[in-house]
Amino acid sequence: MTPQMMGYDRAITVFSPDGRLFQVHYAQEAVRRGATVMGLKSKDGIALLVDKRISTKLLEAESIEKIFKIDDHIGAVASGLVADGRALVDRARVEAQINHITYDEPISIGILAKKISDHIQQLTQYGGMRPYGSALLIAGVDETGQRLFETDPSGALYEYKAVSIGANRNTVMEMLESQYRTDMSLEEAIVLGIKALYKSMEAKGEVPTIEIGVIDVETRKFRKLSESEVKDYISKADIKKPDAESAARPEREE
Amino acid sequence: MTPQMMGYDRAITVFSPDGRLFQVHYAQEAVRRGATVMGLKSKDGIALLVDKRISTKLLEAESIEKIFKIDDHIGAVASGLVADGRALVDRARVEAQINHITYDEPISIGILAKKISDHIQQLTQYGGMRPYGSALLIAGVDETGQRLFETDPSGALYEYKAVSIGANRNTVMEMLESQYRTDMSLEEAIVLGIKALYKSMEAKGEVPTIEIGVIDVETRKFRKLSESEVKDYISKADIKKPDAESAARPEREE
Amino acid sequence: MTPQMMGYDRAITVFSPDGRLFQVHYAQEAVRRGATVMGLKSKDGIALLVDKRISTKLLEAESIEKIFKIDDHIGAVASGLVADGRALVDRARVEAQINHITYDEPISIGILAKKISDHIQQLTQYGGMRPYGSALLIAGVDETGQRLFETDPSGALYEYKAVSIGANRNTVMEMLESQYRTDMSLEEAIVLGIKALYKSMEAKGEVPTIEIGVIDVETRKFRKLSESEVKDYISKADIKKPDAESAARPEREE
Amino acid sequence: MTPQMMGYDRAITVFSPDGRLFQVHYAQEAVRRGATVMGLKSKDGIALLVDKRISTKLLEAESIEKIFKIDDHIGAVASGLVADGRALVDRARVEAQINHITYDEPISIGILAKKISDHIQQLTQYGGMRPYGSALLIAGVDETGQRLFETDPSGALYEYKAVSIGANRNTVMEMLESQYRTDMSLEEAIVLGIKALYKSMEAKGEVPTIEIGVIDVETRKFRKLSESEVKDYISKADIKKPDAESAARPEREE
Amino acid sequence: MTPQMMGYDRAITVFSPDGRLFQVHYAQEAVRRGATVMGLKSKDGIALLVDKRISTKLLEAESIEKIFKIDDHIGAVASGLVADGRALVDRARVEAQINHITYDEPISIGILAKKISDHIQQLTQYGGMRPYGSALLIAGVDETGQRLFETDPSGALYEYKAVSIGANRNTVMEMLESQYRTDMSLEEAIVLGIKALYKSMEAKGEVPTIEIGVIDVETRKFRKLSESEVKDYISKADIKKPDAESAARPEREE
Amino acid sequence: MTPQMMGYDRAITVFSPDGRLFQVHYAQEAVRRGATVMGLKSKDGIALLVDKRISTKLLEAESIEKIFKIDDHIGAVASGLVADGRALVDRARVEAQINHITYDEPISIGILAKKISDHIQQLTQYGGMRPYGSALLIAGVDETGQRLFETDPSGALYEYKAVSIGANRNTVMEMLESQYRTDMSLEEAIVLGIKALYKSMEAKGEVPTIEIGVIDVETRKFRKLSESEVKDYISKADIKKPDAESAARPEREE
Amino acid sequence: MTPQMMGYDRAITVFSPDGRLFQVHYAQEAVRRGATVMGLKSKDGIALLVDKRISTKLLEAESIEKIFKIDDHIGAVASGLVADGRALVDRARVEAQINHITYDEPISIGILAKKISDHIQQLTQYGGMRPYGSALLIAGVDETGQRLFETDPSGALYEYKAVSIGANRNTVMEMLESQYRTDMSLEEAIVLGIKALYKSMEAKGEVPTIEIGVIDVETRKFRKLSESEVKDYISKADIKKPDAESAARPEREE
């Protein structure tokens with residue numbers, strides 16, 4: 001940044017001369033340094049994958065929850081500031097419950113994603129608060145079919161066939177763009193996701209601790225895979241797993 | 001900007017010595033860097049065109065909605081910060097519904113455009129919030145005939161025969177000023193718009209992904225054209241389409 | 001401004017050592033860069049004239065409204081920031097309607113002008129908002145006769161026989177001071193105003209697009225002149241009109 | 001001001017090391033640059049005089065009101081920022097009316113002056129607003145006799161036999177100190193005031209446009225003198241009046 | 001002040017590294033530059049003395065009130081910013097009246113002084129307002145005997161036998177420390193006070209205009225001495241009075 | 001920190017260009033300089049240990065409470081700013097009581113830890129307050145078994161088998177990672193904790209004053225060990241205790 | 001402080017990079033410059049001692065109250081900013097009375113001290129106010145025995161056997177650490193305190209004016225010692241008292 005640009009980046013209520021909101025860009029940077037997460041649609045349903053980043057073996061690994069059930073038919077995964085992501089997930093859960101109470105039916109996934117994004121946008125326009133330093137992938141199946149959304153710290157909202165956010169987004173997106181097919185089976189999609197996660201962390205000598213959630217297109221139910229199921233998929237992905245002890249351990253996120 | 005001018009551009013509540021509100025100018029810059037959008041009146045109705053900017057083929061293209069139905073007889077298209085534009089569109093929809101409930105009739109397009117602009121103006125005068133970094137073209141047909149408005153981040157409001165905003169406004173406006181005629185048919189107007197969009201992006205080696213909405217002067221109904229209808233119009237425009245793979249991909253907007 | 005003076009001009013709540021409110025001066029500068037507007041009393045009534053500044057022929061010229069009806073017997077014209085002027089006009093209209101509802105009679109023009117000026121003053125004293133970057137000429141006929149007021153961003157209020165504000169105020173005022181007579185007919189006043197407008201823009205090679213409103217002293221009714229009426233007056237003014245195509249086009253106001 | 005002193009003068013809520021409130025001093029400076037006004041007690045009543053500062057002959061001179069009736073028995077004259085003075089006058093009028101309604105009798109002039117000064121003081125102590133850049137002379141006759149008060153932007157309140165504020169205070173005060181006598185007739189007091197006003201503006205080659213208000217000690221009624229009465233007094237003052245056309249015209253106040 | 005200390009003195013809510021509140025010190029400085037005031041207990045009651053600082057003979061001298069009756073049994077004198085002192089006196093009067101209404105008895109002087117000091121303290125701790133730039137001497141007689149308090153801009157409260165504040169505090173205090181005796185008669189105390197006032201202003205070539213208030217220990221009544229009574233005491237003090245005309249005139253306080 | 005980074009660390013509502021909230025990092029630094037605390041799960045229950053930091057023998061040692069009972073089944077230990085930790089503990093106690101009153105059952109430890117963390121997160125997003133400079137270990141036994149949580153100033157929440165925070169976290173964590181086993185008895189866990197505490201302070205020549213709390217997995221009751229019980233465990237740990245007099249005394253925490 | 005550290009010390013809501021709240025440290029500095037105060041437990045009760053700092057003999061010495069009765073069984077002494085200490089004492093008295101009214105029993109001293117400290121902590125976390133620049137020793141006897149607490153501007157709370165705060169804390173604490181014994185009689189404790197006070201002020205050539213309060217362990221009553229009782233204890237302490245006249249007089253506290 002040139003000295004002339006300095007100072008435009010201290011408040012969300014200030015535009016820079018080129019029409020940017022630097023504080024929103026910086027919040028997006030928090031996501032770009034977050035955990036690598038992924039979502040993939042398939043013929044049979046949607047898979048969400050995430051690298052859990054276990055910084056010490058003394059952590060209760062199962063307590064590091066990065067994939068969250070929002071409602072029976074909706075799951076979400078967060079990247080960026082951990083506590084911000086949790087706050088967004090809580091908000092999504094409340095919105096889903098309000099819909100149940102108000103209309104006596106499950107919330108449309110598109111409506112839920114838009115409500116969350118509208119809230120995120122407001123924090124980029126009003127003073128006194130900072131934007132969220134976290135992004136969500138929201139996945140679900142409803143009467144309109146499979147939906148996979150990315151919310152962004154700017155309040156923008158995107159729908160994808162397959163997408164990754166977080167530290168290794170670029171590497172993963174390249175792999176998805178070349179190998180992802182919309183007619184994959186759920187198993188094929190999960191295996192592709194696992195390969196991409198391992199690939200993306202290989203360069204830093206890190207090994208992911210993978211957590212997976214799926215929403216079945218038939219039952220419209222979200223569930224998290226058990227550790228053994230995840231292991232089965234990893235073996236199907238035929239990863240040449242490095243020795244866990246020698247692998248670099250990622251830093252703890254905030 | 002000279003050093004003497006620095007500092008006047010940090011808050012919307014501060015005038016510069018030459019009587020300008022820099023923060024409003026910077027918000028307008030966000031629009032000048034936004035998607036290229038267009039509106040054209042014709043004998044048969046109004047056409048809205050936009051380049052959707054698909055940054056990756058993994059995006060669900062149809063989910064990238066830049067043309068919005070506001071009411072049966074009104075459509076709008078936004079340029080600038082994506083989430084800000086969505087917030088303005090939401091506000092317009094609510095105003096339209098309030099009119100239905102209060103007066104039991106569709107809202108006048110001029111009144112709707114003024115209400116939105118009044119709200120935008122207030123955000124240029126009160127501290128604690130920033131101006132909207134987004135502009136709208138609002139098009140519709142009501143008892144006063146065809147109306148095509150541009151709202152500006154300053155709160156100014158303009159009515160046009162044909163207009164473009166966004167990244168390539170200047171190129172498109174020049175083409176419209178020389179080739180647009182008020183007695184064009186809707187088809188002729190759409191074809192002119194498509195040609196202008198392709199032309200304006202040619203220089204950067206980009207190819208637009210065009211979305212089109214129309215309001216028929218007879219039925220007073222807004223509708224978005226289907227992908228095949230858009231393709232038909234593009235073929236009528238006789239564009240020499242470059243190879244999609246080799247074309248540069250625009251950056252994702254915020 | 002000397003370095004020692006810097007910093008006193010960042011907030012309306014701060015006086016400079018010489019007892020000035022710089023932010024108010026800067027808001028006045030916005031008026032000094034606005035459209036050239038004029039008001040002239042005559043034997044038969046008051047005329048308001050304005051240069052509409054059409055920046056492109058694609059604009060719907062009649063939609064560029066700079067002269068506003070406030071009530072049956074009152075008209076107004078704004079110069080400075082477009083959206084600010086609209087906000088002041090709206091406020092004036094509401095005040096006029098409140099008077100109808102409360103007292104069942106048309107508002108006195110002097111009272112209306114003072115109410116608007118009081119509101120403008122408050123924005124020069126309280127923090128959190130900026131002053132209005134717009135001034136109004138308010139003209140009307142009531143039981144006290146013809147009234148022609150100028151409101152100023154400082155909240156000051158002046159009553160004139162004939163007055164001009166905006167970009168070419170000085171040139172126009174000189175011409176009025178030398179040629180204006182209180183016993184002119186309305187036609188003579190309008191012709192003088194047109195000449196002054198053309199004269200003042202001549203130097204920049206610009207041609208005004210003139211809009212005119214009149215309040216008849218007998219009927220006490222405000223009305224805007226039709227385009228053909230305006231053309232008639234222009235021909236009476238015997239202007240040597242330059243070729244419209246070759247004339248410089250004014251920049252769009254904010 | 002030395003560099004060490006800089007910065008203490010940016011807010012009314014900040015004392016300088018020498019215990020001063022610079023913002024209040026700067027507001028007083030606005031008065032020192034305002035219109036020259038005067039008040040003089042006499043055997044027969046009090047006179048208020050002011051130079052109206054007509055900057056152009058196109059102004060409706062009678063509309064430039066600087067002497068205001070507050071209640072039947074009270075008049076006031078303001079100097080400094082025009083709109084601030086008007087706001088203080090409005091406040092005084094409301095206080096006078098509240099007294100009528102609450103106690104069914106005219107307000108004591110001392111109480112009125114104190115209420116206005118208390119309000120002015122508060123604006124020197126609370127953040128978020130600026131002090132008033134205007135001072136009032138409040139003159140009246142009540143059961144305690146003739147009263148002539150000066151309110152100051154600091155909230156201080158002074159009672160005088162004769163006093164002047166505004167641009168030429170020092171010159172006028174010197175003249176009053178040497179020539180004013182408490183046993184003057186009202187006519188003698190007015191003539192002295194006129195002389196002092198002409199004298200004080202002589203140096204700048206300016207000619208005052210004088211407005212006069214009087215409160216009769218018998219009738220306890222405030223009234224403004226007619227233009228012809230003012231002319232009579234000016235002729236009694238035997239001023240060698242320079243040619244109005246050649247005289248310098250004062251700048252318009254804010 | 002060293003550069004390192006700069007900046008700690010801009011807000012009452014900021015401590016300096018050495019644990020000081022500079023804004024409170026600066027408010028105390030306003031008192032150190034205020035009128036010289038004095039209070040002295042005696043066998044017969046308490047005397048309050050003040051130099052009224054008449055800056056021009058056109059002032060109504062008796063209107064310059066610096067000694068105030070708070071309640072029948074309490075008087076007060078202020079030094080520092082004039083309008084701030086008046087605000088504190090008003091507050092004291094209201095507190096005294098509240099006590100009458102609530103308990104049907106005169107307020108204890110100690111309680112009154114503490115209530116005022118508590119209020120002053122709060123303005124040194126909360127942001128958004130500045131401390132009072134004024135100090136009071138509060139004197140009275142109640143069932144606990146004679147009381148003489150000094151309130152300070154810090155909110156501290158002191159009780160004295162004899163005390164002075166304002167511009168010449170140090171000179172006066174030295175004189176009191178050497179000559180004051182608790183067994184003085186009221187007359188002796190007043191004469192001592194007058195001598196001290198004259199002495200302290202001698203150096204600057206100024207002559208005080210003395211105002212005196214007393215509270216009798218028997219009747220417990222506060223009253224202000226008449227001008228002739230004051231003159232009698234001055235003659236008893238046997239002052240070698242300089243010619244009033246040649247004496248320097250003090251500047252007007254704010 | 002490079003000069004370019006300066007300024008991003010003055011408010012919790014400002015991101016740095018690399019997406020960090022410096023104020024939250026600085027609050028974490030307050031924890032890193034706090035008392036060394038530890039929590040260890042075992043077969044028989046959870047142990048919390050803390051070094052109490054007695055800075056002078058005149059302190060009532062038992063009053064230095066760093067381990068707090070939250071509810072019958074929950075204990076907590078704080079590190080960082082002492083008063084902030086107490087505020088968090090109070091909040092936890094209130095949440096536990098609200099659960100008793102609302103649901104008539106003891107609060108789930110996971111829910112309690114999340115509620116506290118949600119509150120902490122909000123203080124990292126809203127302006128006007130600072131983040132908590134304190135972290136808690138929350139330990140308890142409920143129907144889901146043994147739970148041991150760490151709350152962080154960022155609002156992040158972690159669950160551990162064994163964990164340490166505060167001044168010597170790194171040393172202690174290394175020792176725990178190499179020697180801790182999930183099948184330890186409570187006694188073995190406590191002895192390991194004591195050894196780690198002594199080890200970690202050895203380098204600075206300091207001797208810990210150890211306080212211990214335990215929650216039994218059977219009874220689900222929290223209790224603090226008596227001084228004699230603590231001594232027994234210390235002797236079991238077979239520490240070569242240096243002479244208390246010669247040992248360095250830690251500084252008092254804030 | 002290095003330049004890099006500058007700026008972190010301007011607001012209580014800003015942490016420094018090393019996790020400190022400088023404004024709280026500066027408030028503690030105000031205490032370190034305050035009056036020297038002391039508290040000592042003994043077999044028979046608790047003694048509070050303070051140096052009253054009489055800056056002039058014109059002060060009513062008995063009015064300089066630094067030891068306050070909070071409730072029948074509780075006394076307190078303040079050091080630091082005088083008015084802040086009074087505000088804390090008032091708060092403590094109100095809390096004690098609320099307890100009487102709510103529970104019909106005297107407040108526990110531990111609860112009282114915690115309530116005051118919680119309030120102090122909040123002023124270190126919320127913006128808009130500054131921390132208290134004062135600390136209290138709170139001493140009392142209740143059903144839990146003798147209690148002696150120190151509140152700190154950070155909100156931390158400590159319980160002591162014997163403690164000193166204020167200007168000479170270090171000297172006094174050293175003396176107490178070497179000579180204080182828990183089995184002292186009240187008389188021995190008071191004599192030790194007096195010796196320590198004299199000793200600590202000796203270096204600056206100052207002589208303390210001692211005020212003493214005691215709470216008897218049997219009667220649980222707080223009372224202040226009379227001047228003659230204090231003199232008796234001073235003579236028992238066998239102080240070589242310097243000549244009062246020649247002794248340096250301490251500066252007045254704020």
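Once a new chain begins, its residue numbering starts again from 1 and follows that chain's sequence as written. As they are written, the chains are lettered A onward and the ligands numbered 1 onward, keeping that order. At least 70 in pLDDT is required for a residue's local features to be given in this predicted model, at least 80 for side-chain atom pairs to be given and counted, and no such filter applies to totals for whole chains, interfaces and linings, which use all residues. Water and hydrogen atoms play no part in the side-chain values, which are based on all heavy atoms of the structure.

## Some thoughts on the interface of chain C and chain B
Item 1. The contact definition used throughout considers only heavy atoms, calling two residues in contact when any of these lie within 4.5 Å. Chain C puts 34 residues into the contact, and the matching count from chain B is 40 residues.
Item 2. Each of two parts loses accessible area, computed with a 1.4 Å probe, when they are put together; buried area is these two losses added. Summing both partners gives a buried area of about 3200 Å² for chain C against chain B, and 52% of it is carried by carbon and sulfur.
Item 3. By convention in these notes, a salt bridge is any Lys or Arg side-chain nitrogen within 4 Å of a carboxyl oxygen on Asp or Glu. At the surface where chain C touches chain B, the tally comes to three salt bridges.
Item 4. Across the pair C:Arg86 and B:Asp118 runs a salt bridge whose closest N-O atoms are separated by 3.0 Å.
Item 5. What qualifies as a polar contact is a pair of N or O atoms within 3.5 Å, subject to a donor-acceptor requirement within protein and to the restriction that residues adjacent in sequence count only when both atoms come from side chains. Remark: the boundary between chain C and chain B carries 17 residue pairs in polar contact (both at pLDDT 80 or more).
Item 6. Going along the chain from the N terminus, every DSSP run of H or I of four or more residues is numbered as a helix, and every run of E of two or more is numbered as a strand. Sorting the residues of the side of chain C that touches chain B by element identifies α1 (22–32) and α2 (82–103) of chain C as the ones contributing at least two each.
Item 7. Take the side of chain C that touches chain B: its biggest share by element is six residues, from α2(C).
Item 8. Ten residue types, Ala, Val, Leu, Ile, Met, Phe, Trp, Tyr, Cys and Pro, are classed as nonpolar, four, Asp, Glu, Lys and Arg, as charged, and the remainder, Gly among them, as polar. Its residues assigned to classes, the side of chain C that touches chain B shows 15 nonpolar, five polar and 14 charged.

## A short note on the side chain of A:Ser16
Item 1. Positionally, A:Ser16 belongs in the segment before α1 (22–32).
Item 2. With relative accessibility at 0%, the residue A:Ser16 sits in the buried group.
Item 3. Polar side-chain contacts of A:Ser16 include one of 2.2 Å to the side chain of A:Asp18.
Item 4. For A:Ser16, the residues in contact, after removing those within four places along its chain, are A:Tyr8, A:Phe22 and B:Tyr26. A 1.4 Å probe rolled over the protein chains alone gives each residue an accessible area, and that area as a share of the maximum for its type sets the label: buried under 20%, exposed over 50%, partly exposed in between.

## A short note on the pairing of strand β8 (residues 162–165) of chain G
All names here are of chain G.
Item 1. Residue alternation in β8 divides its side chains into two sets, Ala162 and Ser164 and Val163 and Ile165, and both sets are buried.
Item 2. Note: two strands are recorded as paired if DSSP finds a minimum of 2 bridges between them. Two strands pair when backbone bridges link them, and strand β1 (residues 37–41) and β8 are joined in this way by four bridges, in the antiparallel orientation. When the sheet's bridge partners are listed, Met38 is paired in β8 with Ser164.

## Some points on the pattern of salt bridges
Item 1. By the definition in use, this model includes 128 salt bridges over all chains.
Item 2. Of the charged contacts, one joins A:Lys224 and A:Glu65 as a salt bridge, the two residues approaching to 3.2 Å between their closest N and O atoms. Taken as a pair, A:Lys224 in strand β10 (residues 222–224) and A:Glu65 in the loop between β2 (45–51) and β3 (67–71) lie far apart in primary sequence, 159 residues in all.
Item 3. On the accessibility criterion, A:Lys224 (31% relative accessible area) is partly exposed.
Item 4. The partner of E:Glu188 in a salt bridge is E:Arg181, with the nearest N and O atoms 3.9 Å apart.

## Quick look at the packing of helix α3 (residues 109–122) of chain C against helix α2 (residues 82–103) of chain D
Item 1. Two numbers describe how α3(C) lies on α2(D): the axes approach to 10 Å, and their chain directions differ by 110 degrees. The orientation of α3(C) with respect to α2(D), classified from their angle, is roughly perpendicular. Residues C:Lys114, C:Ser117, C:Asp118 and C:Gln121 of α3(C) touch α2(D), and the partners they reach there are D:Ala83, D:Asp84, D:Arg86, D:Ala87 and D:Asp90.
Item 2. Residue composition of the contact of α3(C) with α2(D), by class: two nonpolar, two polar and five charged. Axis definition: a line fitted to C-alpha atoms, over the contacting stretch in the case of helices. Angles run 0 to 180 degrees between N-to-C directions. In what follows, roughly perpendicular refers to angles from 65 to 115 degrees, roughly parallel to angles under 35, roughly antiparallel to angles over 145, and oblique to any angle outside these ranges.

## Quick word on the side chain of C:Arg147
Residue and element names in this part refer to chain C.
Item 1. Looking at the secondary structure, you find Arg147 in strand β6 (residues 145–151).
Item 2. Side-chain polar atoms of Arg147 contact the side chain of Thr144, separated by 3.0 Å.
Item 3. Sequence-distant contacts of Arg147, defined by excluding residues within four places in its chain, comprise Lys41, Ile46, Ile109, Ile138, Ala139, Gly140, Asp142 and Glu159.

## Focus on the sheet that holds strand β10 (residues 222–224) of chain B
All names here are of chain B.
Item 1. Pairing is antiparallel in the open sheet, where five strands are placed in the order β8-β1-β2-β9-β10. At either margin of the open sheet sits one strand with a lone partner, and together these are β8 (162–165) and β10. Put simply, the sheet's adjacent strands are angled 15 degrees from each other on average, direction ignored.
Item 2. Relative to strand β2 (residues 45–51), strand β1 (residues 37–41) runs antiparallel, the two being bridged by five bridges. Residue Met38 lies in a different strand from β2, and its bridge partner there is Leu49.

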